[in-house]
Amino acid sequence: MIKQLVDGGLHHTADICLVTEHRAMPVPTLTDLPIRYLEIALSVDRDDFPSCNYLNFASYLRLFAITGLADTYEKILYLDSDIYMARPGLERMFEIDLPLNKGVAAVRDLPQQWNLTERLHEAIELDLPSSPYFNSGVLLVLTREWREQRVFERCLAQIKKYPQALIHTDQSALNLALDGDWAELSWIWNMYCNPGSAWVVKRIPAVLVHFAGGTKPWMEGRNHFPKHIVAWYADFLMTHYQETLAPAPPRPPRNTARKRKWKPKIIRYTRNARLNYDIFMKLRPYRARLRGDMGVLGPRK
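Calculation notes
- Residues numbered from 1 in each chain as written.
- Predicted model: local features only at pLDDT ≥ 70, side-chain atom pairs only at ≥ 80, totals over all residues.
- Heavy atoms only, no water.
- Helix = DSSP H or I, 4+ residues; strand = E, 2+ residues; numbered from the N terminus.
- Buried < 20%, exposed > 50% of the residue type's maximum accessible area, 1.4 Å probe, protein only.
- Pairing = 2+ DSSP bridges.
- Contact = heavy atoms within 4.5 Å.
- Axes fitted to C-alpha atoms, helices over the stretch in contact; angles between N-to-C directions.
- Core = buried A, V, L, I, M, F, W, Y, C linked by side-chain atoms within 4.5 Å.
- Parallel < 35°, antiparallel > 145°, perpendicular 65-115°, else oblique.
- Left-handed = near helix turned anticlockwise from the far one by under 90°.
- Salt bridge = Lys/Arg side-chain N within 4 Å of Asp/Glu carboxyl O.

A. Main features of unusual backbone geometry. The phi torsion at Thr 169 lies on the positive side, around 45 degrees, for a residue other than glycine. The backbone of Asp 179 sits at a positive phi, close to 50 degrees, despite the residue not being glycine. Mapped onto the elements of the fold, Asp 179 is located in the loop between helix H7 (170–178) and strand E7 (183–185). Assessed through its relative accessible area of 31%, Asp 179 is described here as partly exposed.

This is the structure:
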């Protein structure tokens, strides 16, 4: 992600910060990148921060990082490390005008793109009504509002009060703390992508593609993502991390594989085409709400 930001020239208009708990030096071919390393020294008890599935304590670092940088910057754009910049134009996010008193802007999480009133796990667990819910992989933050509204402190309070509801760790805490009081961005700024939804990325002009979940395009054998994205990560790893890569397992002869798998593939592709069309139609009401890439909605309050 950082390599893409630098190659796109974003370091000429903004500081690029790499946030870590323990500073890890990059490989020699990446040491000259014009970025700022932000090492966060925390004196907190990790047991007080619930983890689950593939999310661990590191996912909470964004809360501490934003708070630590809030006195230095007026706007902060936070990006998860599993994000791919599919098209240029990321710098336009800093030009988005947020509604009054909205300190956090984000993209609605995938289940609520299908159904805007979907009650997600946190609401069900705590017996709360449905509330607009965002994915925290991309956050545009106005730091003055972040401080004045004490977002960090409110998140810590939710973590302490409702640890059983934090299925998405910091994302759960942020949504419980803000309770719908955030600004909604177009989905082109955080396009969800997994092997089953890769077709959307090919048809929607997304700027940022997010590989949320446990499956990533750089993983061995994960070849159902868009080919150009898989190729970019393969080239990056071969260029900068070749010595640490494990050798790829041998593949079966091409003709043999074709003879064995052509029929299941046809059935799968036909089934996926119908499923993809149904999903695309379900997303129409969500897509119609935000007109234009720079459009913003204030979900509540």
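B. Structural context of the sheet that holds E7. In spatial order, the strands read E3-E6-E5-E7-E10; together these 5 strands make up an open sheet with mixed pairing. Strand pairing shows two members of the sheet lacking a second neighbour, strand E3 (75–79) and strand E10 (296–297), which therefore form its edges. Packing of helix H2 (residues 61–69) onto the sheet brings it into contact with E3 and strand E6 (134–142), and relative to E6 it is tilted by some 5 degrees.

C. Here's a closer look at the sheet that holds strand E8 (residues 191–192). The strand order E4-E9-E8 describes an open sheet built from 3 strands, whose pairing is mixed. Edge strands, defined here as strands with exactly one partner in the open sheet, are strand E4 (83–85) and E8. Sheet topology note: the E8/strand E9 (residues 208–210) ladder contains 2 bridges and is parallel. Residue pairing across strands places Met 191 opposite Val 209, the latter belonging to E9.

D. Representation of the nonpolar core. Core analysis: the biggest nonpolar cluster contains 43 residues, and Leu 79, Leu 90, Met 93 and Leu 208 have the highest contact counts within it. Of all the elements in the fold, those that place two or more residues in this core are helix H1 (2–7), E3, E4, strand E5 (104–108), E6, E7, E9 and helix H9 (227–240). With residues up to four places along the chain from it excluded, the contact list for Leu 208 reads Leu 79, Ile 83, Tyr 84, Met 85, Leu 90, Met 93, Val 138, Ile 188, Trp 189, Asn 190 and Met 191. Membership of the second largest hydrophobic core comes to 33 residues, among which are Tyr 60, Leu 69, Leu 139 and Leu 178.

E. Highlighting the packing of helix H6 (residues 151–161) against H7. Look at H6 against H7: their axes get within 8 Å of each other, and the N-to-C directions meet at 110 degrees. Taken as axis vectors, H6 and H7 run roughly perpendicular relative to one another. Relative to H7, H6 is oriented so that their crossing is right-handed. Contacts between H6 and H7 involve Val 151, Arg 154, Cys 155, Gln 158 and Ile 159 from the former and Ala 173, Leu 174, Leu 176, Ala 177 and Leu 178 from the latter.

F. Region of the structure containing the pattern of salt bridges. Going through the model one piece at a time under the given rule, you end up with 8 salt bridges. A salt bridge links Asp 71 to Arg 147; the shortest N-O distance between them is 3.8 Å. You can see Asp 71 sitting in the loop between H2 and E3 and its partner Arg 147 sitting in helix H5 (residues 143–148), a full 76 residues away along the chain. For the salt bridge of Lys 216 with Asp 82, the shortest nitrogen-to-oxygen distance reads 2.6 Å. Separated by 134 residues along the polypeptide, Lys 216 in the loop between E9 and H9 and Asp 82 in the loop between E3 and E4 bring together distant segments of the chain. Here the two residues Lys 216 and Asp 82 agree in accessibility, since each one is buried. A single network of salt bridges, built from pairs that share partners, joins Arg 62, Asp 80 and Asp 170.

G. A look at the environment of Ala 70. Its location among the elements puts Ala 70 in the loop between H2 and E3. Relative accessible area serves as the criterion here: at 3%, Ala 70 is assigned to the buried category. Separated by 76 residues in sequence, Ala 70 and Trp 146 have C-alpha atoms that sit 7.8 Å apart. For Ala 70, the contacting residues outside a window of four places in its chain are Ile 76, Thr 143 and Arg 147.

H. Summary view of the pairing of E5. Counted residue by residue, E5 has 5 buried out of 5 residues, so it is predominantly covered. The pairing of E5 with E6 spans 4 bridges and is antiparallel. Paired with Ala 105 across the strands is Leu 140, a residue of E6. Sheet topology note: the E5/E7 ladder contains 2 bridges and is parallel. Paired with Ala 105 across the bridge in E7 is Ala 183.

I. Broad picture of H7. Of all 9 residues making up H7, 9 are buried, and the element is well covered by its neighbours. For H7, the set of buried residues is Asp 170, Gln 171, Ser 172, Ala 173, Leu 174, Asn 175, Leu 176, Ala 177 and Leu 178. Those residues of H7 that are buried lie in contact with H2, E5, helix H4 (121–126), E6, H5 and H6.

None of the figures reported here should be taken as evidence of function without further support.
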